[in-house]
Amino acid sequence: MTKSNVEFGLDTFGDVTHDANGQPETYAQVIRNVIKEAVAADQVGIDFFGIGEHHREDFAISSPETVLAAVATVTERIKLGSAVTVLSSDDPVRVYQRFATVDAASNGRAEVILGRGSFTESFPLFGYSLSDYDKLFEEKVELFAQLLEQKPVSWTGMTRPPLNGQRVFPLVEKGPLKTWLGVGGSPDSVIRAAQYGLPMMLAIIGGSPYRFKPFVDLYRNANEQLKHPAIPVGVHSPGYIAETDAAAKAEFWPHFRAMRDRIGRERGWGPVSERDYEAEIDQGSLYVGSPESVAAKLAPVIENLGIQRFQLKYSIGTMPHEKLVQSIRLFGEEVVPRVKTTLAKEVAA
């Protein structure tokens, strides 16, 4: 895949949005709205739609695969996946089976992004200790990689019962199941993705995106040493598009601030300032603005990092559903074509 045919995706965590009267939507309504947002993404030509897994009061979706199966029945071409699946607190066999089922329902459009997740509520919920944080992920990725081969599996570890020559069904019709490894910037995670030959999805949610270039280089060098063929690299970052820069910044700011400060209180961060916000838009990893501004910022990031997919986390806290649909439309109809044109010119030059 070259710069001229980079894929573009949209991600959501099913944030609990507010209605027109400023009241929280029910979890059920948020889930129904996410399905509508996926349809909108399909209609404007977006390549991928991802749904994150969370187990918190401020997010409605704890079972992405179930929602993706519903989306599969009302979309035609868009690829469908997680963003991310918290493999550490789940069972690799069941995760594989669920996504293999989504793949069948969508006629081969399913993907899964495996990761640790940025929150830890799922660990006590499902009976796992945070003291086993690293061991859980290492062992479960190892098992999942074996499952991708769709052969009898023999596996022994400390985090689940052993498997002895057992097969796992359903089989993926046109396997293997497309599987990415989500990476937040740890060199060990980068090397792990290369070792298993899995595409790497970088979660860049703050600071300059260009500081992640060494991780992309590390990944590519590791794959070369392992004699792997070229493997895609993707980036996931937040953003919001409106008709003008002023409108986008004004509409996004209160929802961004509320979410950032809520999580910040949990993690010991200070409150975010509007100056911080503006700096993140100008120089960091917030893609907020008009279609022209977002495209102008995004194209050089794709060029510099040499990525094959960019996924915009389009949902943000309580931002109303109607505004999210507007952002989706502008991203697909105006931002993506502009970026593709810019990248094509660079290839031709």
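The structure contained in this document is the topic of the report that follows. Residue numbers here run from 1 along each chain, matching the order of that chain's written sequence. With the structure being a predicted model, the display of local features is reserved for residues of pLDDT at least 70 and the display and counting of side-chain atom pairs for 80 or more, all residues being used for whole-chain, interface and lining totals. Side-chain metrics in this entry use all non-hydrogen atoms of the structure; hydrogen atoms and water are not considered.

1. A few points about the packing of aromatic side chains
Each aromatic ring pair is characterised by the separation of its centres together with the angle its planes make. Only centres within 6.5 Å qualify two rings of Phe, Tyr or Trp (six-membered ring in Trp) as a pair; their planes then separate them into stacked at under 30 degrees, edge-to-face at over 60, and tilted for everything else. Counted by the stated rule, this structure contains 14 aromatic pairs. With 6.1 Å between their ring centres and 40° between their planes, Phe49 and Tyr314 make a pair best called tilted. With a gap of 265 residues between them, Phe49 in strand E2 (residues 48-51) and Tyr314 in the loop between strand E12 (309-313) and helix H11 (321-348) connect regions that are remote in the sequence. Like Tyr314, Phe49 is buried. Here a strand is any run of E in DSSP of at least two residues, a helix any run of H or I of at least four, and the numbering for each starts at the N terminus. We call a residue buried when its accessible area falls under 20% of the maximum for its residue type, exposed when it is over 50%, and partly exposed in between, using a 1.4 Å probe and counting protein chains only.

2. Side note on helix H6 (residues 187-195)
Residues of H6 that are buried: Ser189, Val190, Arg192, Ala193 and Ala194. Residue contacts are defined here by distance: any two heavy atoms, one from each residue, within 4.5 Å place the two residues in contact. Against helix H5 (133-147), strand E8 (178-183), strand E9 (200-203) and helix H7 (213-225) lie the buried residues of H6. Gly197 sits one or two residues past H6 and shows a positive phi near 65°.

3. What about the pattern of salt bridges?
Salt bridges are defined as contacts in which a side-chain nitrogen from Lys or Arg sits within 4 Å of a carboxyl oxygen from Asp or Glu. This structure, assessed with the given rule, holds 23 salt bridges. Its salt-bridge partner being Glu243, residue Arg329 comes within 3.6 Å of it at the nearest N-O pair. Of this pair, Arg329 sits in helix H11 while Glu243 sits in the loop between strand E10 (233-241) and helix H8 (245-267), placing them 86 residues apart in sequence. Residue classification places Glu243 among the partly exposed residues on the basis of a relative accessible area of 48%. Residues Glu333 and Arg329 are paired through a salt bridge, measuring 3.5 Å at the closest nitrogen-oxygen approach.

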